[in-house]
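Given next are the chains, with one letter for each unit.
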Amino acid sequence: MSQPLPAFIHCINSNCPRPYPQPGNNKFCDRCGTPLHLRDRYLPLQCLGSGGFAKIFTVWDLQKQTELVLKVLTTKSEKAIKLFVQEAAVLASLHHPGVPKVEAKGYFQVQTPQGQLYCLVMEKIDGQTLEDILDKYPQGCPEAWVLNWFNQAVAILHQLHRRKIIHRDIKPSNLMLRNPTNISSITNQTKLVLIDFGGAKQIGRRKRKDTSTRLFSTGYSPPEQIAGGQVTPATDFYALGQTAIELLTGKHPSELEDSLTGELRWQHLVKVNPIFANLLDDLIQLDIRKRPATARQIQRRLAKIPRPKRKKKKITWTEIKQNITEKLARFKHKILLLLYYFKQTLVKLIKFTGRIIEKIVLACLDTMKEMLLGAIGAAIGTIIGFLISFVTPMGANLETWITQQFSDFFPNIELILAKEMLLFGCAGLGTALGLTAAGGFGQDRRFFLAGISGFFSYIFGWLIWQIMPGSEIVQFLSFLVVAVIPVVLGFGLSSYKFVHTLVVLLGTGALFATLVKFDVLPNNVVREILSFSQPDYLYLGATIAFFAFLGASLGLSLGISYYLLVPLLKKMAGD
C-alpha cells in the first residue's frame with residue numbers, strides 16, 4: 001500500500017535561503033526554484049549531514065515505497081565532479097552486500113537557477129561507522145570484533161580487486177556496520193559495508209594515459225599514494241592495516257609512528273593474537289614489496305588464527321530494560337502504522353459506500369418519479385380519451401369513419417368498437433408526456449416527439465390487437481410490442497436506445513405475462529379492457545388502472561436498463 005506524500009520535504013540546493021520546510025506537494029522550491037520531486041520519483045526528506053564536497057539526504061522513493069540515500073555534490077570543481085562521476089560508475093558496476101547498492105539510473109543531474117547539481121541515489125544503510133564505535137571505545141575495541149570486521153573487509157577488497165578497482169580511502173569513517181542500534185547489538189553476524197567510493201580508481205587498463213585524481217588520507221594512505229605513484233591492491237591493504245591497529249589501540253596512526261623510522265609501534269599497547277599482530281605489521285610495511293599482494297594471501301593467514309571460545313554473555317538488568325524498551329517502541333510504531341492504514345482504508349471505504357448509497361438512492365428516486373408520472377399521465381390520458389370517445393359526439397363520428405375505412409382495407413375482419421382507438425391514443429399520449437415530464441435517465445425533454453410517438457404507437461397497438469389471430473394473451477403481447485417500441489424510441493435518451501427498448505419490451509412483457517399466467521390479471525379483464533365492450537365506470541376504472549400500471553412498468557423497466565444493465569455493458573465494452 002502506497003503512503004501519502006510527506007507533509008514537508010527538503011530542497012537540495014546548498015544555496016537555497018530556506019531549504020526546509022517545503023510543502024510535500026510542491027514540484028519546485030518556493031524560494032530558489034530547484035526541483036523537489038527528483039526524476040518524478042525521489043522526495044528529499046532531510047539532510048543527514050555534509051562532508052568533503054557533498055551533502056547527504058534521505059529521500060523517499062515513490063516507486064519502491066522506501067527510504068534511500070541521496071548524495072549531492074556541492075562544488076563545481078572539475079576535480080570533485082570527476083571523482084563524483086567516478087564513484088557513481090564504480091558503484092553501479094558492483095553487486096556485493098559489502099558495497100552500497102546504487103539504484104538503476106541512480107546517477108543524474110538536476111538543473112537549478114545556479115547551474116547543474118550532480119546527484120547519486122543509493123541504498124540507505126542504517127547503522128554506525130567504525131569511527132562512531134571507536135568514539136565509544138577510546139581504549140580500543142575488543143579483538144574479536146576487530147578480527148571479524150577485518151575478515152569482512154578483506155572479503156570486500158577481494159571482490160573489488162578482482163574487478164581491478166582500488167578504493168584508495170579505507171579508514172574507520174568509511175566502514176559501516178549494518179543495523180546495529182546500539183553497541184550491545186553488535187555480533188559476529190553484523191555485516192560490514194565499505195562506503196565512499198569517490199576516490200576509487202580502475203587499474204590495469206592498457207594504452208590509456210593515467211589521468212586519475214591524486215588524493216590521500218593522512219595516517220591511512222601509504223607512501224606511494226601520498227607521492228602520487230602507482231597504486232595496487234597493496235595500497236588498500238596498508239590502509240586497512242592502519243585502520244585495524246587504530247581500532248585495536250584507540251589511537252590514531254600518527255600517534256603511534258616512530259619519529260625516526262616512521263614505523264608504527266603498537267603491540268605493547270594491546271594484547272593481540274600473534275598471527276593477527278604479525279599480519280597487521282606486514283600490511284603496514286612502508287615498502288610495498290613487503291606487503292601481501294592479494295586478498296587470498298591475507299585470507300590464508302587469517303585461517304590459521306584459532307577461533308576464540310565463545311563466552312556466555314552476562315546480560316545486565318539495564319540491557320534487559322533497554323531491549324524491552326526498544327521492542328515496545330518498535331511494536332508501538334507498528335501498531336500506530338497499522339492504525340493509520342486502517343483509518344485511511346476505513347475512510348476510503350466509508351466514502352465509497354456513501355457514494356454507492358447516494359447513487360442507489362438517486363437512481364431509486366429517479367425511477368420512482370418516472371413510474372409515478374408515467375402512471376399519472378396514463379391515467380389522465382385514459383380519462384380524457386374516455387370523455388372524448390364515449391361522452392362527446394366526436395367519438396360516434398370517429399367510430400363511423402374508422403369503421404368504414406377499416407372495412408375497405410380489411411373486408412374479412414370485423415372491427416370491434418373503433419371509437420376505443422381514440423381512448424388508446426390518448427392513453428399513449430398521456431403516458432409518453434408523463435414519462436418525459438419526469439425528466440429522468442439523462443433524457444432530453446422532447447415533449448412533441450414523445451407525445452406523437454405515444455399517441456400513434458398505442459393506436460397501432462390497438463389495430464394490431466384487432467387483426468392478430470390467436471388467444472387474448474398473444475393479442476395482448478402483440479399490442480405491447482407495437483405500443484412500447486415507438487414510445488421508448490421517442491424519448492430523448494442520449495445513447496443505447498435500442499438496448500433500452502429491448503429491456504423495456506422484455507421487462508414489461510414478462511411482467512404482464514406473469515400477471516396473466518397467475519390470474520392476477522384475468523383474460524376476461526384483458527379482453528374487456530382491449531375491447532371496452534361495456535363503457536361503464538367499473539370498466540373505466542379497470543382501464544385506468546391498466547394503463548397506469550403499464551406506464552409505471554415502462555418507468556421501472558427504463559430505470560433497470562439505465563442504472564443497471566447499460567452501465568454493465570459500458571464497463572464490459574471498456575467505455
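For clarity, every value in this text was computed on a predicted model and none was experimentally measured. (Residues numbered from 1 in each chain as written. Predicted model: local features only at pLDDT ≥ 70, side-chain atom pairs only at ≥ 80, totals over all residues. Heavy atoms only, no water.)

Let us now look at the overall build of the protein. In terms of helices and strands, the protein carries 16 helices and twelve strands. When the 575 residues of the protein are sorted by exposure, 43% land in the buried category. Residue pairs in contact within the protein that sit at least 24 positions apart in sequence constitute 63% of those at least 6 positions apart. As displayed, the protein has an accessible area near 31,100 Å², and 61% of this comes from carbon and sulfur atoms. (Helix = DSSP H or I, 4+ residues; strand = E, 2+ residues; numbered from the N terminus. Buried < 20%, exposed > 50% of the residue type's maximum accessible area, 1.4 Å probe, protein only. Contact = heavy atoms within 4.5 Å. Areas by Shrake-Rupley, 256 points an atom, 1.4 Å probe, with all protein chains shown as cover.)

To continue, consider helix α8 (residues 295-302). Restricting attention to buried positions, one finds in α8 the residues Ala295, Ile298 and Leu302. Projected down its long axis, α8 carries its buried residues within an arc of 60 degrees, all on one side. Where α8 is buried, its residues meet α3 (143-162), α5 (233-249) and α7 (274-283). (Arc of directions from axis to C-beta.)

To continue, consider the sheet that holds strand β8 (residues 127-129). An order of β8-β10-β11 is seen for the three strands of this open sheet, with the pairing classed as antiparallel. Across the chains shown, the open sheet's two edge strands, defined by having one partner strand only, are β8 and β11 (192-194). Strand-to-strand twist in this sheet, taken as the mean axis angle between neighbours without regard to direction, amounts to 30 degrees. As paired elements, strand β10 (residues 175-178) and β11 share three bridges and run antiparallel to each other. Looking at β11, one finds that Leu175 is bridged to Leu194. The sheet contacts of α3 involve β10 and β11, and relative to β11 the element is tilted by about 40 degrees. (Pairing = 2+ DSSP bridges. Axes fitted to C-alpha atoms, helices over the stretch in contact; angles between N-to-C directions.)

Among the nonpolar cores identified, the biggest contains 61 residues, and Trp149, Phe150 and Phe276 are the most heavily contacted of them. Tallying contributions element by element places α3 first for this core, with ten residues. In this structure Phe150 touches Leu240, Ala244, Phe276, Leu279, Leu280, Leu283, Ile298 and Leu302, once residues within four positions along its chain are discounted. Phe479, Val484, Leu493 and Leu550 belong to the second-largest nonpolar core, a separate cluster that totals 40 residues. (Core = buried A, V, L, I, M, F, W, Y, C linked by side-chain atoms within 4.5 Å.)

Turning to the packing of aromatic side chains, a few remarks are in order. Scanning all chains against the criterion turns up 17 aromatic pairs. Geometrically, the ring pair formed by Phe546 and Phe547 is edge-to-face, given 5.1 Å between the ring centres and 70 degrees between the ring planes. Each member of the pair, Phe546 together with Phe547, is buried. Members of the aromatic cluster, joined through ring pairs, are Phe424, Tyr458, Phe479, Phe512, Phe546, Phe547 and Phe549. (Phe/Tyr/Trp six-rings, centres within 6.5 Å; stacked < 30°, edge-to-face > 60°.)

Here we take up the pattern of salt bridges. If you walk through the whole model with that rule in mind, you get 15 salt bridges. What you see here is one network of salt bridges that share partners, running through Arg41, Asp61, Lys64 and Glu103. (Salt bridge = Lys/Arg side-chain N within 4 Å of Asp/Glu carboxyl O.)

The next point concerns a positive patch on the surface. A surface patch of positive charge is lined by Arg162, Arg163, Arg296 and Arg300. For Arg296, the location among the structural elements is in helix α8. (Patch = residues over 30% accessible without salt bridge, like charges linked within 9 Å, V, L, I, M, F, W, Y side chains within 5 Å. Lys, Arg positive; Asp, Glu negative; His and termini not counted. Charge placed at Lys NZ, Arg CZ, Asp CG, Glu CD.)

Another point: the sheet that holds strand β3 (residues 42-51). With respect to topology, five strands assemble into an open sheet ordered β3-β4-β5-β7-β6, the strand pairing being antiparallel. Looking at the sheet topology across the chains shown, the edges are occupied by β3 and β6 (102-112). Along the sheet, successive strands turn relative to each other by an average axial angle of 30 degrees, direction set aside. The sheet contact formed by β3 and strand β4 (residues 54-61) spans eight bridges and is antiparallel. Bridge pairing in β4 links Leu43 to Trp60. On the sheet, helix α1 (residues 78-93) packs against β5 (66-73), β6 and β7 (115-123) and is oriented at approximately 30 degrees with respect to β7.

Take the packing of α3 against α7 next. It is the contact of α3 with α7, at a shortest axis distance of 12 Å, that shows an interaxial angle of 50 degrees. Looking at the two axes, α3 sits oblique to α7. Note that α3 runs across α7; the crossing there is left-handed. Counting all contacts with α3, which are made through Glu143, Val146, Leu147 and Phe150, the residues of α7 involved are Phe276, Leu279, Leu280 and Leu283. Considering only residue class, the contact of α3 with α7 consists of seven nonpolar, no polar and one charged. (Parallel < 35°, antiparallel > 145°, perpendicular 65-115°, else oblique. Left-handed = near helix turned anticlockwise from the far one by under 90°. Nonpolar A, V, L, I, M, F, W, Y, C, P; charged D, E, K, R; others polar.)

Residues Phe342, Leu346, Leu349, Ile350, Phe352, Ile356 and Ile360 make up a contiguous nonpolar surface patch of about 680 Å² in total accessible area. You can see Ile360 is positioned in helix α9 (residues 317-391).

By the bridge criterion, three bridges tie β8 to β10 in an arrangement that is antiparallel. Residue pairing in the sheet places Gln128 in a bridge with Leu177 of β10.

This part is about the confidence of the model for the protein. The share of residues in the protein with pLDDT of 70 or more is 88%, and the mean pLDDT across the chain is 86. Of all secondary-structure elements in the protein, the lowest mean pLDDT belongs to helix α15 (residues 523-531), at 66, while α5 reaches the highest, 96. When the criterion is pLDDT under 50, residues 207-211 qualifies, and its contacts beyond four places in sequence or with other chains add up to two contacts. (pLDDT = per-residue confidence, 0-100.)

In this structure, Gly440 sits in the loop between α11 (420-438) and α12 (447-467). Given the relative accessible area of 2%, Gly440 is considered buried. Counting along the chain gives 115 residues from Gly440 to Gly555, while the straight-line C-alpha distance between them is 9.3 Å. Setting aside residues up to four positions removed in sequence, Gly440 forms contacts with Asp366 and Glu370.

What follows deals with the pairing of β7. Along β7, seven of the nine residues are buried, which leaves the element largely enclosed by surrounding structure. Two strands pair when backbone bridges link them, and β5 and β7 are joined in this way by five bridges, in the antiparallel orientation. Within the sheet, the bridge partner assigned to Val69 lies in β7 and is Met122. Examined bridge by bridge, β6 and β7 share seven bridges and lie antiparallel to one another. Within β7, the residue paired with Val102 across the bridge is Met122. Taking the residues that link successive antiparallel strands as the turn, the β6-β7 hairpin has two residues.

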